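# Examining the three-dimensional arrangement
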Amino acid sequence: MLCGVISNVAVGVSTFPSSPLFHFKSCNHRRWRCKLGDDPIISSSLKLPKEVPIFPLPPPPDDDDDEEESPLLQQLGNSAILSACFVGLFTGITVVLFNYSVHEIREVCWGEIPERGASWLREQPIETKWERVILVPALGGLVVSVLNMARTGLEDSADGSAIRSALKPILKTVAACVTLGTGNSLGPEGPSVEIGVSVAKGVATFLDKGAQRKLSLRAAGSAAGISSGFNAAVGGCFFAVESVLWPSPAESSSLSLTNTTSMVILSAVIASVISEIGLGSEPAFAVPLYDFRSPSELPLYLLLGAVCGLVSVGLTKSTSFMLALFDGVERGAGVPKAVFPILGGLTVGCIALVYPEILYWGFQNVDTLLESRPFAKSLSADLLLQLVAVKIVATSLCRASGLVGGYYAPSLFIGAATGMAYGKIVGHLISVSNPMLHLSVLEVASPRAYALVGMAATLAGVCQVPLTAVLLLFELTQDYRIVLPLLGAVGFSAWITSSDKTRRRATDNSKQLNAATTSSEASICELESSLCLNSESDDEILVSQAMRRRYVKTQLSTCVTDVVSLMLEEKQSCALIVDDNNCLVGLLTLADIQHFTELSIARNTKKLEVVRVSEVCSSYGGRCQVLCTANPNMSLVAALSLMNRHGISRLPVVDGDGRGRPVGLIDTESIDLAFRAFAIQDGLSSWFFMEEEDKFKN
């Protein structure tokens, strides 16, 4: 039906005045065919005929014309390859500056302590170290709190959208520099990926305005971020595939797979070269000497993968609990959100008095776990297990409190500690049983080998990037013998955690409608935001653009039958409850009324002449509570994330001046409609751009 409407518009377009909007001279593009589940622009949730052509197909291309134009000139003319090169170049430079900034802040705050190591710091008396260990992370939390308030102010501001879009990633990067430089328990690779994606957006704005290349440029930016962060170009390429290209629908990009792959590879290679020039050619962490004794060890590595999978689930659960805890403190106790980063840094400092290894000092502490540092002191299996638990708590606390950083470095730390402890325990058990059984097949490798495999398995479990984890460790070790144990352990870990995490993306309409049912668990996007950057739109959709402006308002003293009549009249399933000052006090749904009626009948409650809204809201555990609200200038993606976290399908919209007066209502249906409409609008603009580009070439 929709295709027929567009066809009619195309046929009758000559009746409109000459305008760029109705310029359909070359509208018979061969891609414009409507297919169920495979439409290049419209979401598959629209029920369309299987194949109905919108415009007549063009005649076959002239072979002579194709021979005259070089494929290389076509690529350069389309600026796709050129844009990817610029993305890699600027991402590499920016990540180098980012790492230098983190290093300089660390030098100012910690001095020579990171070089001496966490083991040295643990041996120092508490009275000589407590001030620096506690106050430095707390001071970092204070600075991050100020930067977060500035970012919130930019998000709530309705003016200067271009400046706001440019300043938000800059402020977030500065906050990440302060978080990591002061030693809080997060990592730099997530911000590096976000830097790459922000650079890709900027390059797309200036050099490549075609909407059809946005996804490819984001993939190139994320590949450049990982490549420059770990100095691993191959791992960066596979990260772009796993985190950006695979989770996205095939119709999101009109570029061929070859062109997209070329953009990703070029961007990753250039960023890696820039990183080597600026930061050196050494890998992110020192790979220790290790060995593999025999293929009979493979079951032990599979068991290690299962253990790392369970540890990854523990990190996910801990993060979910911390997010809910801070959210409950904010709502229940009225503690300002700006205080949380300070509390997070202060708590990390207190934990570091006993376990200084949890502090982020680059990858020095990972080197300590791997025993690859000169004169490194070996840690016992008991202490390693304690570090796993403490690092999980500290990382979750930092993430939930609003400190800025990624989960890649903490995942590697947790995996190294888990693998090293596992290797030492297994080695001890085998050495004890071997003299009794006299089986040479029980000879196992050193704990360092298990630590390396544990790093990859935990990274794959936490961030759901198994291929990236395998290729990253293989690229750093450059040893083919590690591949088989890696594949087994990573596969087991990813399989265990895959059923526990759901990758939720704001542009996936089918998941939007069901996301509210799984709010008790932290999504992969809540753990590591850099894994979901391809769902962000360059032109951010605001709540004001999606909210319903017609809604039902009532008061606590209103009769319930009158409220139901208003709902029926306005075709709404809920009503906003306001007080005499028109301030929001609650939300009443038809389900609340139905449940109240059923329980009253089941309990033989005395029938009242008039049932008022207040009686429904105060009965049976208290209903009509508003868990959270949105404001018109909030990002629609942020509002949807808020709904998912609280497990609700609708959200009242109140004014932004703090008075709490309702101005609208958003629900899953209105959000779905807004995303689909903007996707179609974006696709139409991409189509017009392609037509103008073809005319320019001809």
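All figures in this text were calculated on a predicted structure; none of them were measured in a lab. Numbers given to residues run from 1 along each chain, matching the order in which its sequence is written. Local features in this predicted model are restricted to residues whose pLDDT is 70 or higher, and side-chain atom pairs enter the listing and the counts only when it is 80 or higher, whereas totals over whole chains, interfaces and linings include all residues. Think of the side-chain values as coming from all heavy atoms in the structure, minus any hydrogens and water.

Centres within 6.5 Å make a pair out of two Phe, Tyr or Trp rings, where for Trp the six-membered ring is used; the pair is then stacked when the planes are under 30 degrees apart, edge-to-face when over 60, and tilted otherwise. Throughout the structure, instances matching the rule amount to eight aromatic pairs. On the numbers, 6.0 Å between centres and 75° between planes, the contact of Phe239 with Tyr408 is edge-to-face. Of this pair, Phe239 sits in helix α11 (residues 233-245) while Tyr408 sits in helix α17 (residues 408-437), and the two are 169 residues apart along the sequence. Only protein chains enter the accessibility calculation, which uses a 1.4 Å probe; a residue whose area is less than 20% of its type maximum is buried, one above 50% is exposed, and one in between is partly exposed. Judged by its relative accessible area of 3%, Tyr408 falls in the buried class. Geometrically, the ring pair formed by Phe326 and Phe340 is edge-to-face, given 5.0 Å between the ring centres and 75° between the ring planes. Of this pair, Phe326 sits in helix α13 (residues 298-332) while Phe340 sits in helix α14 (residues 340-352), placing them 14 residues apart in sequence. As far as burial versus exposure is concerned, Phe326 and Phe340 are alike and both buried. Each member of the aromatic cluster is reached from another via a ring pair, and the members are Tyr301, Tyr422 and Tyr450. Geometry around Phe413 places Lys391 over its ring, the cationic atom sitting 4.8 Å from the centre. Think of it this way: any DSSP run of H or I at least four residues long counts as a helix, any run of E at least two long counts as a strand, and we number them from the N terminus. Our definition puts a charge over a ring when NZ of Lys or CZ of Arg is within 6 Å of the ring centre and also within 35 degrees of the ring normal.

Moving on to the sheet that holds strand β3 (residues 553-554). With respect to topology, three strands assemble into an open sheet ordered β3-β4-β5, the strand pairing being mixed. The sheet terminates laterally at β3 and β5 (584-589), the two strands that pair on one side only. Strand pairing is assigned whenever DSSP detects at least two bridges linking the two strands. With two bridges connecting them, β3 and strand β4 (residues 574-578) associate as parallel partners. The partner of Thr554 across the bridge, within β4, is Ile577.

By the element assignment, Ser411 lies in helix α17. Residue Ser411 is classed as buried on the basis of its relative accessible area, which comes to 0%. Whether two residues are in contact is decided by their heavy atoms, any of which lying within 4.5 Å being enough. In this structure Ser411 touches Leu315, Thr458, Leu459, Val462 and Cys463, once residues within four positions along its chain are discounted.

A separate point is empty space enclosed by the protein. Cavities and pockets were defined on a 1 Å grid built from protein atoms only: a cavity is a group of points that admits a 1.4 Å probe but offers it no way out, a pocket is an open group of points flanked by protein on both sides within 12 Å along at least five of seven lines, and a lining residue is one with an atom within 4 Å of any such point. Grid points are joined across faces, edges and corners, and a volume is the space filled by probe spheres set on the points. Within this structure, the stated rule accounts for four cavities of 30 Å³ or more. In this structure, the largest cavity occupies an estimated 90 Å³ of space. Surrounding the largest cavity, 13 residues form its lining, Tyr360, Gly362, Lys391, Ala409 and Phe413 being those nearest its centre. For the lining of the largest cavity, the secondary structure elements donating two or more residues are α15 (364-370) and α17. The greatest single-element share of the lining of the largest cavity, amounting to three residues, is contributed by α17.

Only residues whose relative accessible area exceeds 30% and that form no salt bridge are eligible for patches; like-charged ones are grouped when within 9 Å, while nonpolar side chains (Val, Leu, Ile, Met, Phe, Trp, Tyr) are grouped when within 5 Å. For the accessible areas, the method is Shrake-Rupley and the probe is 1.4 Å, while residue cover comes only from the protein chains on display. Just to be clear on terms, a salt bridge is a Lys or Arg side-chain nitrogen sitting within 4 Å of an Asp or Glu carboxyl oxygen. A contiguous nonpolar surface patch, about 420 Å² in accessible area, is contributed by Leu139, Leu142, Val143, Val146 and Met149. With respect to the helices and strands, Met149 occurs in helix α7 (residues 126-156).

Turning our eyes to something else, we now look at the packing of α11 against helix α19 (residues 466-477). Think of each axis as a best-fit line through the C-alpha atoms, taken over the contacting stretch in the case of a helix, with angles from 0 to 180 degrees between the N-to-C directions. Their axes nearest at 8 Å, the elements α11 and α19 cross at an angle of 180°. By the criterion of interaxial angle, the relationship of α11 to α19 is roughly antiparallel. For the pair α11 and α19, the contacting residues are Ala233, Val234, Gly235, Phe238, Phe239 and Glu242 in the first and Pro466, Leu467, Thr468, Leu471 and Glu475 in the second. When its residues are assigned to classes, the contact of α11 with α19 shows seven nonpolar, two polar and two charged. In what follows, roughly perpendicular refers to angles from 65 to 115 degrees, roughly parallel to angles under 35, roughly antiparallel to angles over 145, and oblique to any angle outside these ranges. Think of it as three bins: nonpolar holds Ala, Val, Leu, Ile, Met, Phe, Trp, Tyr, Cys and Pro, charged holds Asp, Glu, Lys and Arg, and polar takes everything else, Gly as well.

Burial analysis of β5 places five of its six residues in the buried class, the great majority of the element. The sheet contact formed by β4 and β5 spans five bridges and is antiparallel. Within β5, the position partnered with Ile577 by the bridge is Gly586. Hairpin connection of β4 to β5: five residues between the antiparallel strands, including Asn582 at a positive phi of 65°.

Looking now at the environment of Glu615. Mapped onto the secondary structure, Glu615 falls in helix α25 (residues 613-618). Classification of Glu615 by relative accessible area gives partly exposed; the value is 29%. Taking the C-alpha atoms as reference, Glu615 lies 9.8 Å from Cys559; in sequence the two are 56 residues apart.

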